[in-house]
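Chain by chain, the residues run as shown.
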Amino acid sequence: MHERVYGVQKLTGMAKRKPAFRQEVIATICNYLRERPDDRDDKSLESYFLREIKFRLSEDPANRSENWRDCEFDFTNITFHVKVDLSDCAFEEAALWDGVFFKEAAHFEDCRFSGRTSFVNSQYFDLASFSRCRFENNVSFERRPVGDYRDEPGPRIATPKPSSFSGAMNHLKMPHF
């Protein structure tokens, strides 16, 4: 397992040294997380990648030269086995979370989503918090039956624990739940 974390460290280091490869590095790591066998325990890898994302997308001016905000993040159908804490991050391009399984808490407090943002069919098995988020483009949290996209169900988020959207704003229109 340590060799996989080391590989991700090398990839993120390359993205730092060669900004032209940032999008490809992000896509490669997301593809690995999406396509890994279900029995593979990569919590260390997930934690490392999420820490890198948080650091590279933070609003901290010290990160300006190394930020990944101009990149798209396609987390579609990834299962996160660790707590996801991306509070205070700025996603300026697409952030796709469709079909993601959050097995631990998911924190998106004070995030800014400027690009296309979607959480269609995402599932939360612990706390999900979007407090004070800013959605500057359309956002969807729809829960659709798998394979049936004709039905437009009402507000439903699959989570056995409380979810918070207090103070969340959409600058274009209200989020579609």
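Here's what I pulled together on the structure shown here.

About the cut-offs
Residues numbered from 1 in each chain as written. Predicted model: local features only at pLDDT ≥ 70, side-chain atom pairs only at ≥ 80, totals over all residues. Heavy atoms only, no water. Helix = DSSP H or I, 4+ residues; strand = E, 2+ residues; numbered from the N terminus. Buried < 20%, exposed > 50% of the residue type's maximum accessible area, 1.4 Å probe, protein only. Contact = heavy atoms within 4.5 Å. Polar contact = N/O pair within 3.5 Å; in protein donor to acceptor, adjacent residues only side chain to side chain. Core = buried A, V, L, I, M, F, W, Y, C linked by side-chain atoms within 4.5 Å. Pairing = 2+ DSSP bridges.

Things to note about the overall build of the chain
Broken down by element type, the chain carries three helices and 15 strands. A total of 177 residues make up the chain; the buried ones form 45% of that total. Partitioning the contacts of the chain with sequence separation of at least 6, the portion at a separation of at least 24 is 41%.

So, the side chain of Asn67
One can find Asn67 in the loop between helix 3 (43-57) and strand 1 (73-74). Overall, Asn67 belongs to the buried group, its relative accessible area being 13%. Here the side chain of Asn67 touches Arg69 through a polar contact of 3.1 Å, landing on its backbone nitrogen. The contact partners of Asn67, leaving out residues within four places of it in the chain, are Arg22 and Arg56.

A word on the nonpolar core
Residues Phe75, Phe80, Phe91, Trp97, Phe108 and Phe113 are the most contacted members of the largest nonpolar core, which totals 41 residues. Those elements giving two or more residues to this core turn out to be helix 1 (2-17), helix 2 (22-35) and helix 3. If one sorts the elements of this core by residue count, helix 3 sits on top with six residues. Excluding residues within four positions of it along the chain, Phe75 makes contact with Cys30, Arg34, Phe49, Ile53, Phe80, Phe91, Leu96, Trp97 and Val100.

Structural notes on unusual backbone geometry
Positive phi values are uncommon outside glycine, yet Asp110 reaches one of about 60 degrees. Relative to the helices and strands, Asp110 resides in the loop between strand 7 (106-107) and strand 8 (112-113). Judged by relative accessible area, which is 32%, Asp110 ranks as partly exposed. Within the chain, Asn121 stands out as a residue other than glycine whose phi angle is a positive 60 degrees. Position of Asn121 relative to the elements: it lies in the loop between strand 9 (117-118) and strand 10 (123-124).

Remarks on the sheet that holds strand 5 (residues 95-96)
In spatial order, the strands read 1-5-9-13; together these four strands make up an open sheet with parallel pairing. Of all the strands in the sheet, just strand 1 and strand 13 (139-140) have a single pairing partner and so form its edges. Of the strand pairs in this sheet, strand 5 and strand 9 are connected by two bridges, and their pairing is parallel. Residue pairing in the sheet places Ala95 in a bridge with Thr117 of strand 9.

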